[in-house]
Amino acid sequence: MATSLQSEQIEGDGSLLLIHGGAWDIPDAVMETHRDGLQEALDAGRASWEQNSALGIVTDTVAVLEAHTAFNAGHGAMLNQDGTAELDAGVMDGETLDYGAVMATQRLAHPVRVARRLLTEGEGRVRMLAGDGAERFAEAQGMDLVSNAELICPREQQRYDRVRAEAEADHPSRSFLPGLSNLGGADTVGAVARDDSGRLAAATSTGGTPFKPPGRVGDSPLPGAGFYADDRVAVSATGWGEAIAAVGLARSVQERVRTGASAEAAARRSLTRMHEQIASPDGEGATGGCIVVTPSDAAVAFTTPRMARGWYSAQTDVQWAV
Ligand code: ASP
């Protein structure tokens, strides 16, 4: 199966922050807002550098992307079939292999911050919490909950109203409707970082796929699939969640790096393999993208038409591309 695979090696020795604002066919009309969001997040990441290790930097950066309505995460996320924002996020510390993840949450403005809190504060080393459990944990930690309405932006409400009307016309008697096979721009966010001491970390956050059935969880909060970090590599992925989970995309990049591939070669091969192995609902090979940082190099690769990404290092300063 032919894929249109694009990739880029990211320059920069020493500390490096690499972020993405999702893959897919990002329309020209939203390019500018994506650039603004990436810029804002990279500025926040740069500010976070002064006080934080890689783990804190990726958390702070993804929290800014969650707050920006350009992206499908936090405020501005795509809505599920009930018209509800249901959010997933995961974060991992490459030094300790500790991770935290939350999924199908409806009242967290910053799922990534709750995932980060779980990483160290989960009772009995609990690392993943879903729905109400994640929200109760956040509350017990003194973190603010929001109403679901506060997470919904007018653009996503309009998209939901349109898609819901079409789905009901096509499937009048079904209560559990099919999701959308054409994702358009489903702009999951993520960050990977290598800090001044060489530690690596990864974080990913998403509203999932548009018009997903309530309770659907994709790859984004699954360690080894939508994110992964150890002492050799940190990865954040985006794309068809069901396929990314099936192949363990982030972990498959790790294995290629571990056996000698560069960040760029590992990302390219893992995405190509996923495309060959798994079909997406539209019948084509499954597509996606990932950002990768290792102790010595970094890369972005994607098989979707576009991928919003940006990076910051002492040598390159802030840069981005969509
Ligand atoms: N991977 C996300 C999910 O399936 C969606 C995306 O990255 O666009 O939930």
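Summary of the structure given here. Within each chain, residues carry numbers counting from 1 in the order of the written sequence. Confidence filtering applies because this is a predicted model: local features only for residues at pLDDT of at least 70, side-chain atom pairs given and counted only at 80 or more, and all residues used for totals across whole chains, interfaces and linings. By convention in this description, side-chain values take in all heavy atoms of the structure and omit both hydrogens and water.

1. With respect to the overall build of the protein
No. 1: Elements are defined by DSSP. Helices are runs of H or I of four residues or more, strands are runs of E of two residues or more, and each kind is numbered from the N terminus. Helix and strand counts for the protein come out as eight helices and 13 strands.
No. 2: It is over C-alpha atoms that the radius of gyration is taken, and the globule rule equals 2.2 Å times the number of residues to the power 0.38. For the protein, whose C-alpha radius of gyration is 18 Å, the value lies close to the compact-globule estimate of 20 Å for 322 residues.
No. 3: The principal-axis extents of the C-alpha atoms in the protein amount to approximately 55 × 50 × 35 Å.
No. 4: Burial classification: accessible surface area is computed with a 1.4 Å probe over protein chains only, and a residue below 20% of its type maximum counts as buried, one above 50% as exposed, and the rest as partly exposed. When each of the 322 residues of the protein is scored for burial, the buried share is 57%.
No. 5: Residue contacts follow a heavy-atom distance rule, with two residues in contact if any of their heavy atoms lie within 4.5 Å. At a minimum sequence separation of 6, the contacts of the protein that also span at least 24 residues come to 71%.
No. 6: Counting only carbon and sulfur atoms, one obtains 45% of the accessible surface of the protein, whose full area is about 12400 Å². With residues, only the protein chains shown are counted as cover, and all accessible areas are computed by Shrake-Rupley using a 1.4 Å probe.

2. Topic: the packing of aromatic side chains
No. 1: For Phe, Tyr and Trp, where Trp contributes only its six-membered ring, two rings pair if their centres lie within 6.5 Å, and the inter-plane angle classes them as stacked under 30 degrees, edge-to-face over 60, or tilted in between. In this structure the tally under the stated criterion is two aromatic pairs.
No. 2: Their ring planes at 70 degrees and their centres at 5.9 Å tell us that W49 and Y312 sit as a pair that is edge-to-face. With W49 in helix α1 (residues 31–49) and Y312 in strand β12 (residues 309–313), the pair connects residues that are 263 residues apart, well separated along the chain. Accessibility classification places W49 together with Y312 in one group, the buried group.
No. 3: Taking 6.0 Å as the distance between ring centres and 45 degrees as the angle between the ring planes, the aromatic pair formed by Y160 and F211 counts as tilted. Separated by 51 residues along the polypeptide, Y160 in helix α5 (residues 154–170) and F211 in the loop between β7 (200–206) and β8 (227–229) bring together distant segments of the chain.

3. Quick notes on the pattern of salt bridges
No. 1: We define a salt bridge as a contact between a side-chain nitrogen of Lys or Arg and a carboxyl oxygen of Asp or Glu at a distance within 4 Å. Taken as a whole and assessed by the stated rule, the structure comprises 16 salt bridges.
No. 2: Across the pair R136 and D132 runs a salt bridge, and its minimum N-O distance is 3.1 Å. In this pair, R136 and D132 both sit in helix α4 (residues 131–140), four residues apart, roughly one turn of the helix.
No. 3: A residue is classified by how much of its surface remains accessible, and R136, at 54% relative accessible area, is exposed.
No. 4: Through salt bridges with shared partners, a single ionic network connects E95, D195 and R199.

4. Some points on the pairing of strand β13 (residues 317–321)
No. 1: Strands are labelled as partners when DSSP assigns at least two bridges between them. Here five bridges tie β12 to β13, and the two strands are oriented antiparallel to one another. Looking at β13, one finds that G310 is bridged to W320.

5. Brief notes about the pairing of strand β9 (residues 234–239)
No. 1: Burial within β9 is extensive, with six of its six residues counted as buried.
No. 2: Both faces of β9 are covered, namely the face carrying A234, S236 and T238 and the face carrying V235, A237 and G239.
No. 3: Linking two consecutive strands that pair antiparallel, namely β8 and β9, is a turn of four residues.
No. 4: Of the strand pairs in this sheet, β9 and strand β10 (residues 288–293) are connected by six bridges, and their pairing is antiparallel. Note that in β10 the partner of A234 across the bridge is V293.

From the geometry alone we can't say anything about function, so treat these as descriptive.
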